[in-house]
Amino acid sequence: MSFRSKTPAFTGLSRLRNLIADSMAINMGSAATIIYVRGRGVVVDEPSLIALDNASGEVIAVGTEAQKMYGREARGVTVFAPMVNGVVADFEKTKQMLAIFAGSARSSFSHFSRRALMSVLTGITPVERRAFLGAAEHARIGRVWMVEEGLAAALGAGVRMDDPRASVVINVGGGTTSVTVIANGDIVHATGERIGASDINAAIVNHVRRHRGLSIGAQTAERLKLELASATVPDDLSQSATISGRDVVTGSPAAIEITAGEIYPVAQEVVRKIVDGIAATLTELPPEVAGDVFERGLILTGGGSLFGGIDAYLRERTKLFVFVADEPRYAIVRGLAQLFDEPKWLRHFKEDNAPALLADEAG
Ligand SMILES: Nc1ncnc2c1ncn2[C@@H]1O[C@H](COP(=O)(O)OP(=O)(O)OP(=O)(O)O)[C@@H](O)[C@H]1O
Ligand SMILES: [Mg+2]
């Protein structure tokens, strides 16, 4: 909290404003949880991780603090990633994590949030949806609307709700990839696959273990991906990085040198699967929609859209224009926040019970 907001002169005003402003846009992803508060912008952007005491179950840390411990946990502490492939894998831990994130997102004067919009992956089951609602309830959020992430991502990327022509938004997350076609503010077609940019990390860990005999941790794999991997053939195949971990044969600490040329095909295999899924969805569009897409191209959002060369690779494969949205990781929360600012649209979802709105007013 800044000093300014603590001074008495601002207290009254802030309290009044916070009553209105404590509307949250929540994007809980398998890699990161992002919360946007109306009037204050993005207030939480942290890894979806929670560290617990093994014996007591007490929460030791969440988010960035938990990430610092990840793979180097103290005795008796374990770090968990309770969301997997875009859905709640461990309800208890997700609940605890969201309660802490939502708590820190709140202003100091407001102990509950009156309402929140939450993004969810296309095609989640009622059970998976209830898990999100339960977590929100535990986080003392009064009313929750769930919006399909592709619709939110489209709005956040600048697609207008009243645009009659179709736009396609592809959100590449850590554990998921969604393709959503929007026209007239509604979803025309949407698919959600449980594969994302974090699958590249898993492929790297696997490759290094099997072919180089070194077992590496999650943080090392992420660093290697960001430093050396790309979706298109790297300019310098010999560029290298040193990574360390545990020798799988001797069990001793060890390090190896690895090149961009060695990592490229490993990452490429995952990127190809992601793009195959996207390309398959694009063959399912009605002709009029396909025509719009041909003229307008594809919009990329999500953290995976920042993976080196993924836009170029998608362009090459589909022969379409491909644009990465501004601040692509925040497109979804920006879009959700816009729905708050357009009560007309929020009402439209509620009254029409449009498919984009999966649930309204819980609790
Ligand atoms: N600058 C970057 N360059 C390359 N990759 C990045 C960058 N920033 C984030 N990523 C990758 O994006 C992925 C996370 O994206 P995002 O935060 O959209 O996922 P998420 O919403 O948590 O996951 P999901 O929606 O699939 O549950 C991670 O695999 C991460 O490595
Ligand atoms: Mg996501």
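Just so it is clear, the model here is predicted, and its values are computed rather than measured. (Residues numbered from 1 in each chain as written. Chains lettered and ligands numbered in written order. Predicted model: local features only at pLDDT ≥ 70, side-chain atom pairs only at ≥ 80, totals over all residues. Heavy atoms only, no water.)

(A) Geometry of the side chain of glutamate 149. By the element assignment, glutamate 149 lies in helix H6 (residues 149–156). No salt bridge forms around the buried glutamate 149; measuring N to O, its nearest opposite-charge neighbour arginine 194 is 10 Å away. A distance of 3.4 Å separates a polar atom in the side chain of glutamate 149 from a polar atom in the side chain of asparagine 171. Not counting the four nearest positions on each side in its chain, glutamate 149 is found in contact with Ser119, Val120, Leu121, Asn171, Thr176, Ser178 and Ile332. (Helix = DSSP H or I, 4+ residues; strand = E, 2+ residues; numbered from the N terminus. Buried < 20%, exposed > 50% of the residue type's maximum accessible area, 1.4 Å probe, protein only. Lys, Arg positive; Asp, Glu negative; His and termini not counted. Salt bridge = Lys/Arg side-chain N within 4 Å of Asp/Glu carboxyl O. Polar contact = N/O pair within 3.5 Å; in protein donor to acceptor, adjacent residues only side chain to side chain. Contact = heavy atoms within 4.5 Å.)

(B) Inspection of the pairing of strand S2 (residues 32–37) at higher detail. The element S2 is extensively covered by neighbouring structure, given that five of its six residues are classed as buried. Two elements, strand S1 (residues 23–28) and S2, share five bridges in a ladder whose sense is antiparallel. Bridging from a neighbouring strand, methionine 24 pairs with valine 37 of S2. Judged from the six bridges that link them, S2 and strand S3 (residues 41–47) form a sheet pairing that is antiparallel. (Pairing = 2+ DSSP bridges.)

(C) Here's a closer look at the site of ligand 1. Not every one of the 20 residues close to ligand 1 is listed here, only the nearest: Ser30, Ala31, Ala32, Glu222 and Lys225. At 3.3 Å from an oxygen atom of ligand 1 is found a main-chain nitrogen or oxygen belonging to glycine 304. Bound to the protein, ligand 1 loses 85% of the 650 Å² it would expose on its own. For the shell around ligand 1, the element with the most residues is helix H8 (residues 218–228), which contributes three residues. Classifying every residue of the shell around ligand 1 by side-chain character gives six nonpolar, 11 polar and three charged. (Near = heavy atom within 4 Å. Areas by Shrake-Rupley, 256 points an atom, 1.4 Å probe, with all protein chains shown as cover. Nonpolar A, V, L, I, M, F, W, Y, C, P; charged D, E, K, R; others polar.)

(D) Quick look at the packing of helix H7 (residues 198–212) against helix H9 (residues 260–282). The contact between H7 and H9 brings their axes to 9 Å, and the two run at 135°. With respect to their mutual orientation, H7 and H9 come out oblique. Classified by chirality, the crossing of H9 by H7 is right-handed. Within the contact between the two elements, H7 uses Asp199, Ile200, Ala203, Ile204, His207 and Arg212 and H9 uses Glu262, Ile263, Val266, Ala267, Val270 and Val271. Broken down by class, the residue content of the contact of H7 with H9 amounts to eight nonpolar, one polar and three charged. (Axes fitted to C-alpha atoms, helices over the stretch in contact; angles between N-to-C directions. Parallel < 35°, antiparallel > 145°, perpendicular 65-115°, else oblique. Left-handed = near helix turned anticlockwise from the far one by under 90°.)

(E) Local environment of the environment of alanine 66. Along the polypeptide, alanine 66 turns up in helix H3 (residues 63–69). The spatial distance from the C-alpha of alanine 66 to the C-alpha of proline 47 is 8.2 Å, given a sequence separation of 19 residues. Sequence-distant contacts of alanine 66, defined by excluding residues within four places in its chain, comprise Leu49, Ile50, Ala51, Ala61 and Val79.

(F) Quick look at the packing of H6 against helix H12 (residues 331–341). Interaxial distance between H6 and H12 falls to 6 Å at its minimum, and their mutual angle equals 85°. As judged from the angle between their axes, H6 and H12 are roughly perpendicular. Residues Glu149, Ala152, Ala153, Leu155 and Gly156 of H6 touch H12, and the partners they reach there are Ala331, Ile332, Arg334, Gly335, Leu336, Gln338 and Leu339. A class-by-class count of the residues in the contact of H6 with H12 yields seven nonpolar, three polar and two charged.

(G) Up close: the nonpolar core. Counting 43 residues, the largest nonpolar core has Ile170 and Leu298 as its most contacted members. If you tally residues by element for this core, the top one is H9, at 10 residues. Apart from residues lying up to four places away in sequence, isoleucine 170 is in contact with Thr177, Ser178, Val179, Ile278, Leu298, Ile299, Leu300, Thr301 and Leu314. Judged by nonpolar contacts, the second largest core, of 31 residues, contains Val88, Phe101, Ala102 and Ala139. (Core = buried A, V, L, I, M, F, W, Y, C linked by side-chain atoms within 4.5 Å.)

(H) Region of the structure containing the environment of serine 119. Residue position: serine 119 is located in strand S9 (residues 113–120). The class for serine 119 is buried, based on a relative accessible area of 4%. Taking C-alpha positions, serine 119 is 8.5 Å from glycine 150, a pair spaced 31 residues apart along the chain. The residues touching serine 119, leaving out its near neighbours within four places in the chain, are Ile26, Asn27, Val147, Glu149, Ile332 and Leu336. A distance of 3.4 Å separates polar atoms of two side chains, one belonging to serine 119 and the other to asparagine 27.

(I) Representation of the environment of leucine 214 in the model. Relative to the helices and strands, leucine 214 is located in strand S14 (residues 214–215). Note: C-alpha distance between leucine 214 and glycine 251 (37 residues apart in sequence) is 9.1 Å. Sequence-distant contacts of leucine 214, that is, excluding residues within four places in its chain, are made with Val208, Arg209, Ile243, Ser244, Gly245, Arg246, Asp247, Val248, Ala254 and Ile256.

(J) Seen up close, the pairing of strand S13 (residues 186–193). With seven bridges joining them, strand S12 (residues 177–183) and S13 adopt antiparallel strand pairing. When the bridges of S13 are listed, valine 179 appears paired with threonine 191. Between S12 and S13, which pair antiparallel in sequence order, lie two residues; one of them, asparagine 184, sits at a positive phi of approximately 55°.

(K) Region of interest: the pattern of salt bridges. The full count for this structure, using the stated rule, is 16 salt bridges. The shortest N-O distance in the salt bridge between aspartate 90 and lysine 93 comes to 2.6 Å. With relative accessibility at 16%, the residue lysine 93 sits in the buried group. The partner of glutamate 327 in a salt bridge is arginine 334, and the shortest N-O contact between them spans 3.6 Å. Classification of arginine 334 by relative accessible area gives partly exposed; the value is 21%.

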